Amino acid sequence: MIKIPGTKKGCRRSKEAIFAGIPVNVTLLFSDDQYLAAADAFMRGIERRIDAGLQPDVRSVASIFVSRWDVAVAGKVPAALNNQLGIAVARRAHKAYLGLLRTPRMDARL
């Protein structure tokens, strides 16, 4: 498994790696929008494999950075909000993931 950052350029590279059958850990994801872009790149790579008659099983992961949000706002928010921003970001990404699982695009691939 190789690490590829979840930037626009990185998503293009992860799509190519997935198509080549290389498992990817998409890193440096800080939002649900970045997660969805990484998931789209993954799906495009898998769809290309299917279209090429290749096995679609290329297990990969997306790594949401949680603690960095909390470190960024430490001392700048009320005490009740300490260590809460990262959790909120993770929840939004998880909600995006669950929404993706319910799409016709995903249904066609599972």
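Before going into details, it helps to say that this report is about the structure given with it. (Residues numbered from 1 in each chain as written. Predicted model: local features only at pLDDT ≥ 70, side-chain atom pairs only at ≥ 80, totals over all residues. Heavy atoms only, no water.)

The next subject is a positive patch on the surface. Positive charge collects at one region of the surface, where Lys8, Lys9, Arg12 and Arg13 lie side by side. Checked against the element boundaries, Lys9 lands in helix H1 (residues 8-19). Assessed through its relative accessible area of 47%, Lys9 is described here as partly exposed. (Patch = residues over 30% accessible without salt bridge, like charges linked within 9 Å, V, L, I, M, F, W, Y side chains within 5 Å. Areas by Shrake-Rupley, 256 points an atom, 1.4 Å probe, with all protein chains shown as cover. Salt bridge = Lys/Arg side-chain N within 4 Å of Asp/Glu carboxyl O. Lys, Arg positive; Asp, Glu negative; His and termini not counted. Charge placed at Lys NZ, Arg CZ, Asp CG, Glu CD. Helix = DSSP H or I, 4+ residues; strand = E, 2+ residues; numbered from the N terminus. Buried < 20%, exposed > 50% of the residue type's maximum accessible area, 1.4 Å probe, protein only.)

Residues Ile4, Cys11, Ala17, Ile18, Val24, Val26, Leu29, Ala38, Ala41, Ile46 and Val58 constitute the largest nonpolar core, which totals 11 residues. When residues of this core are traced back to their parent elements, those giving at least two are H1, strand E2 (24-29) and helix H2 (32-51). Apart from residues lying up to four places away in sequence, Ala41 is in contact with Cys11, Ser14 and Lys15. With six residues, the next largest nonpolar core counts Tyr35, Ala39, Met43 and Met106 among its residues. (Core = buried A, V, L, I, M, F, W, Y, C linked by side-chain atoms within 4.5 Å. Contact = heavy atoms within 4.5 Å.)

With respect to burial, E2 is a largely interior element, five of its six residues being buried. In this structure, strand E1 (residues 2-5) lies alongside E2, joined through four bridges in parallel fashion. Each bridged residue has a counterpart across the sheet, and for Lys3 the counterpart in E2 is Asn25. Pairing of E2 with strand E3 (residues 61-64) involves three bridges; the strand directions are parallel. Bridging across to E3, Leu29 finds its partner in Ile64. With respect to chirality, the unit in which E2 leads through H2 into the neighbouring parallel E3 is right-handed. (Pairing = 2+ DSSP bridges. Right-handed = clockwise from strand over helix to strand, strands pointing away.)

Interhelical geometry of H2 versus helix H4 (residues 85-101) gives an angle of 35° and a closest axis separation of 8 Å. Viewed along their axes, H2 and H4 form a crossing whose handedness is right-handed. Residue-level inspection shows Asp32, Tyr35, Leu36 and Ala39 of H2 in contact with H4, the latter providing Arg92, Ala93, Ala96, Tyr97 and Leu100. A per-class count over the contact of H2 with H4 returns seven nonpolar, no polar and two charged. (Axes fitted to C-alpha atoms, helices over the stretch in contact; angles between N-to-C directions. Left-handed = near helix turned anticlockwise from the far one by under 90°. Nonpolar A, V, L, I, M, F, W, Y, C, P; charged D, E, K, R; others polar.)

Let us now look at the sheet that holds E2. Across the sheet, which stays open at both edges, the three strands sit in the order E1-E2-E3 with parallel pairing between neighbours. Each edge of the open sheet carries a strand with a single partner, namely E1 and E3. For this sheet the average axis-to-axis angle between neighbouring strands, irrespective of direction, equals 25°. Together, E1 and E2 form the strand contacts of H1, whose direction differs from that of E1 by roughly 150°. Set on the sheet, H2 makes contact with E2 and E3; between it and E2 the angle comes to about 160°.

Between H1 and H2, whose axes approach to 8 Å, the crossing angle comes to 30°. The orientation of H1 relative to H2 falls into the category roughly parallel. The handedness of the crossing between H1 and H2 comes out as right-handed. In this structure, H1 contributes Cys11, Ser14, Lys15, Glu16, Ile18 and Phe19 to the contact, and H2 contributes Ala37, Ala38, Ala41, Phe42, Arg44, Gly45, Ile46, Arg48 and Arg49. Along the lines of polarity and charge, the residues of the contact of H1 with H2 split into eight nonpolar, two polar and five charged. (Parallel < 35°, antiparallel > 145°, perpendicular 65-115°, else oblique.)

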